[in-house]
Amino acid sequence: MPSLRVRAYNVRFGDAILVTVPDRDPASGEVTTRHLLIDVGNVLTGSGGQDEVFAPVIDDVLEQLDGRPLDLYVMTHEHMDHVQGLLWAKEKRGLEIRATHAWLTASAEEGYYERHPEAKKQKLAFDDAYDRIALHLAAADEAPSPALQAMMLNNNPSSTANCVAHLRTVGAATAYVSRATDPAATHPFREARFELWGPEEDTSAYYGRFRPMGLGTMAAAGGGAAGGDDAEAAAAEPLPPPGVDAGAFYNLVAWRRRGIFDNVRMIDRAANDTSVVFVLEWRGWRLLFPGDAEERAWKEMAKRGLLAPVHFLKVGHHGSHNGTPEGELLDAILPPGPAGGAAAPDGRPRSALVSTHEGTYNGVPHGDTLDEIGRRCRVVRIGAADDPPFTDLRFADPDDPD
Ligand SMILES: [Zn+2]
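Residues numbered from 1 in each chain as written. Predicted model: local features only at pLDDT ≥ 70, side-chain atom pairs only at ≥ 80, totals over all residues. Heavy atoms only, no water.

**Side note on the side chain of His 101**
With respect to the helices, strands and loops of the structure, His 101 is situated in strand S5 (residues 99–105). Among the polar contacts made by the side chain of His 101, one reaches the side chain of Thr 100 at a distance of 2.8 Å. Those residues in contact with His 101 that sit more than four places away from it in its chain are Leu 70, Asp 71, Leu 72, Tyr 73, Gly 171, Ala 173, Thr 186, His 187 and Pro 188. (Helix = DSSP H or I, 4+ residues; strand = E, 2+ residues; numbered from the N terminus. Polar contact = N/O pair within 3.5 Å; in protein donor to acceptor, adjacent residues only side chain to side chain. Contact = heavy atoms within 4.5 Å.)

Written out as structure tokens, the structure reads:
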């Protein structure tokens, strides 16, 4: 029976997904096997960030391609855990993956910010905040926690810039996509269809605002850290200066640490929200790949009336609390269905994929979030040190018994 295959590679804390599609030409009936690769990257520190995992991924992708280029490469957003793998493979192993077509998120296009002054203003403010926090952490007495360090490195604008510069060259034809893009002319698939749900063309929708906090740093106006800011605040405490009330001093220290962590989360979240979000539809199956889109992006998609039931969900942001919508929004994509909730309203089985590595970001993956998805889907996890190099999910054509 012909089937579409989603192959999720074990890159620890990151994403690398190869989708292989038997794509039938509606005119000639001829079937071409087409390959779509999404991202390839992982974080820069800890056991979740090992670079050695990329070599077998690239080897396998090249083997699957058998000398041909990819039909489509998709870079969802500009974070190291999604962008660093292909440049690493080229520089360290001399292995290069090419594609006939590529999609990069709209704001990764050179000159994008010159055309979007509001987004530019906010991006510059965020980059400035990043630099100030980096300076502050470099000058601080104690090292930042592993989670804060991982998030800082993942958001480092200069290291992502090199990777994105390479990814702009992967496709013979590159489209910088947003919800406003008509996908039809941007890929070679004949049968499989694509819907673009995000990002918004103008990314200023995704930036929160900073409130000056004094002490050389800033505080986020909105809270909502990924979890773990308490752990951040509980790190090694400095001693209050003589004559200073200890309680007030420690409050200030905790408040300042929380401010730093919240600000880095805010920088992280804004880039996640620029993720390319797309649905791939093939022979009645609907597969949703939302990159690392977080709450604000999900709300934007809901507001636009885009959310609709799917059979497969690539769980966003490695299973964080903020990466999966709740309530009505989750119901819109994974409505409670028959068969104890594990099937879609049309009776087809549903599945979700989580690529994550414990201990990289505090509170990620988020247990309650995965439990909630698990009430609606079979959940497949990859990314632990002892997981296999990849795992496959198959979606068979129900009308073709061959
Ligand atoms: Zn990510």
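Past the structure itself, the notes keep going.
**Let's talk about the pattern of salt bridges**
Under the counting rule described, the total for this entry stands at 29 salt bridges. The salt bridge partner of Asp 128 is Arg 132, with a shortest N-O separation of 3.9 Å. Placement of both Asp 128 and Arg 132 in helix H4 (residues 117–139) is noted, with a separation of 4 residues, approximately one turn of the helix. Asp 128 sits in the partly exposed class, given a relative accessible area of 39%. Assessed through its relative accessible area of 33%, Arg 132 is described here as partly exposed. (Salt bridge = Lys/Arg side-chain N within 4 Å of Asp/Glu carboxyl O. Buried < 20%, exposed > 50% of the residue type's maximum accessible area, 1.4 Å probe, protein only.)

**Considerations on the sheet that holds strand S11 (residues 285–289)**
If you trace the 6 strands from one edge of the open sheet to the other, you get S7-S10-S11-S12-S13-S14, paired in mixed fashion. Looking at strand neighbours, the two that pair on one side only are strand S7 (193–198) and strand S14 (378–382), the edges of this open sheet. Taking each pair of neighbouring strands and ignoring which way they run, the sheet shows an average axis angle of 15 degrees. Two strands pair when backbone bridges link them, and S7 and strand S10 (residues 277–282) are joined in this way by 5 bridges, in the antiparallel orientation. Within the sheet, the bridge partner assigned to Gly 198 lies in S10 and is Val 277. Relative to S14, helix H11 (residues 367–374) is tilted by about 135 degrees, and along the sheet it contacts strand S13 (351–355) and S14. (Pairing = 2+ DSSP bridges. Axes fitted to C-alpha atoms, helices over the stretch in contact; angles between N-to-C directions.)

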